[in-house]
Amino acid sequence: MRWSALPLLLIAAQALAQRAPVDLAKERLAYLGMDKADLGQLRITDDYTDPRTGIRHTWMRQQHLGVDIFNSEVAIHTRPTGEVVHLTHRLVKNLEGKSRIASPALSPETALRIVLGVAGVTASGSLVPRRSLVPNRWEFSSSDPDAAKPFAELVWLAVDGHLRLAWNVNHLLPDGSHWWNVRIDAMNGKELERNDWVASCGHVEHDHPMEGPMPMPAAPNDLRVLPLPVESPKDR
């Protein structure tokens, strides 16, 4: 009896194409030497397919205890067949040896007041946080309906080989001169670092232990520009 291996090959190709980008990324990163324990929690922040090239672009953020690690990223670009075109990453290693407590001592309201106080801005009235669609992020109403809403997001910040639980507080000054993105310690309110979305980066303490190059488009001219403060199309 004659038989063909073609159906089996088609089934294998279909199975590869249907694999989730997270699974493909974990498999490739493990092959590159990353510990599987460090890849246990990858949260998709953006996922879309370019209609011109058919290439699927997926961005993920590394998490620890369900909280994002600030500035971490995995970007994987795949063809419709499931073939990986390109993969880049900035990941923190040895998460099992990092902090095991993800409960902040400061509330998001307190974090915002601390940061506003440093900027010389007085919060008028009570600050009422509202859960954002972004995990562990709270948004606050603004007196100007057209102005950007301040927010505080609970994150892990890599500092000197350790992870520190922090609030990433984002606010635009009333005169528009600075759009601060400030990380403060979620336990004691100490400022750890900051960057300005209007001007250049400034900081108190700065540490960048992340690994890997910045993710780049997998096809020529394949780039989407998003307005600040949007980090991902899903944040809009």
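Residues numbered from 1 in each chain as written. Predicted model: local features only at pLDDT ≥ 70, side-chain atom pairs only at ≥ 80, totals over all residues. Heavy atoms only, no water.

Q: I would appreciate a short explanation of the overall build of the chain in the present structure.
A: The helix and strand tally for the chain stands at 3 helices and 11 strands. Starting at the N terminus and walking to the C terminus, you meet the elements of the chain as α-α-β-β-β-β-β-α-β-β-β-β-β-β. Counting over 236 residues, the chain shows a buried share of 42%. Summing over all exposed atoms, the chain offers an accessible surface of approximately 13000 Å²; the carbon and sulfur share of this is 55%. (Helix = DSSP H or I, 4+ residues; strand = E, 2+ residues; numbered from the N terminus. Buried < 20%, exposed > 50% of the residue type's maximum accessible area, 1.4 Å probe, protein only. Areas by Shrake-Rupley, 256 points an atom, 1.4 Å probe, with all protein chains shown as cover.)

Q: Help me understand helix α2 (residues 21–31), please; the structure alone is not making it clear to me.
A: Because each turn of an α-helix spans 3.6 residues, side chains separated by three or four positions in sequence point in the same direction. Every buried residue of α2 is listed here: P21, V22, L24, A25 and L29. Down the axis, α2 shows its buried residues gathered within 160° of arc, on one side only. (Arc of directions from axis to C-beta.)

Q: Is there a simple way to think about the sheet that holds strand β6 (residues 129–131) in this case?
A: The strands making up a sheet associate through hydrogen bonds between their backbones, and the pairing can be parallel or antiparallel. If you walk across this open sheet you meet the 6 strands as β6-β7-β8-β9-β10-β11, and the pairing is antiparallel. Each end of this open sheet is capped by a strand with a single partner; those strands are β6 and β11 (191–196). Put simply, the sheet's adjacent strands are angled 35° from each other on average, direction ignored. Pairing between strand β9 (residues 162–172) and strand β10 (residues 179–185): 7 bridges, direction antiparallel. Paired with V169 across the bridge in β10 is V182. (Pairing = 2+ DSSP bridges. Axes fitted to C-alpha atoms, helices over the stretch in contact; angles between N-to-C directions.)

Q: So what exactly am I meant to see when it comes to the environment of V118 here?
A: If you trace the backbone, V118 turns up in helix α3 (residues 108–118). Assessed through its relative accessible area of 56%, V118 is described here as exposed. In this structure, V118 is in contact with E191 and R194, ignoring residues within four places of it in sequence. (Contact = heavy atoms within 4.5 Å.)

Q: Can you walk me through the nonpolar core in this structure?
A: Side chains of a nonpolar character, in soluble globular proteins, are inclined to be buried together. The biggest cluster of nonpolar side chains holds 26 residues, and the ones touching the most others in it are L163, W167 and V169. Look past the residues within four positions of V169 in its chain and what remains in contact with it is A111, L112, V115, F151, A152, W180, N181 and V182. Ranked by size, the runner-up nonpolar core spans 13 residues in total, among them V74, I76, L87 and L91. (Core = buried A, V, L, I, M, F, W, Y, C linked by side-chain atoms within 4.5 Å.)

Q: Help me understand the pairing of β11, please; the structure alone is not making it clear to me.
A: Two faces belong to every sheet, and in a regular strand the side chains alternate between them. Taking burial as the measure, the 6 residues of β11 include 6 buried ones, the bulk of the element. Examined bridge by bridge, β10 and β11 share 5 bridges and lie antiparallel to one another. Its bridge partner being in β11, I184 is matched across the sheet by E191. In sequence, β10 turns back onto β11 through a hairpin of 5 residues, with G189 there showing a positive phi of about 80°.

Q: Any chance you could explain the pairing of β9 here in plain terms?
A: With 8 of its 11 residues buried, β9 lies for the most part within the structure. Linking strand β8 (residues 151–159) to β9, which pair antiparallel, is a turn of 2 residues; within it D160 sits at a positive phi near 50°. Hairpin connection, β9 to β10: the antiparallel pair is bridged by 6 residues, and G176 has positive phi, about 75°.

Q: How should I be thinking about the confidence of the model for the chain in this particular structure?
A: Close inspection of predicted coordinates is inappropriate for parts of the model with low pLDDT. When pLDDT is averaged along the chain, the result is 81; 72% of the residues meet or exceed 70. Residue range residues 8–16 is modelled with pLDDT below 50. Its contacts to residues more than four positions away, or to other chains, number 6 contacts. Confidence drops under a pLDDT of 50 for residues 200–230, and excluding neighbours within four residues, the segment shows 79 contacts in the predicted structure. (pLDDT = per-residue confidence, 0-100.)

Q: Would you take a moment to explain the packing of aromatic side chains for this structure?
A: Any pair of aromatic rings gets described here by the distance separating the centres and the angle formed by the planes. Counted under the stated rule, the structure contains 3 aromatic pairs. Where W138 meets W167, the ring centres are 5.6 Å apart and the plane angle is 70°; that geometry is what we call edge-to-face. Taken as a pair, W138 in strand β7 (residues 137–140) and W167 in strand β9 lie far apart in primary sequence, 29 residues in all. The same class applies to W138 and to W167, which are both buried. The residue whose ring lies beneath R137 is F151, and the NZ or CZ to ring-centre distance is 4.0 Å. The side chain of R194 reaches across the aromatic face of W180, ending 4.5 Å from its centre. (Phe/Tyr/Trp six-rings, centres within 6.5 Å; stacked < 30°, edge-to-face > 60°. Lys NZ or Arg CZ within 6 Å of the ring centre and 35° of its normal.)

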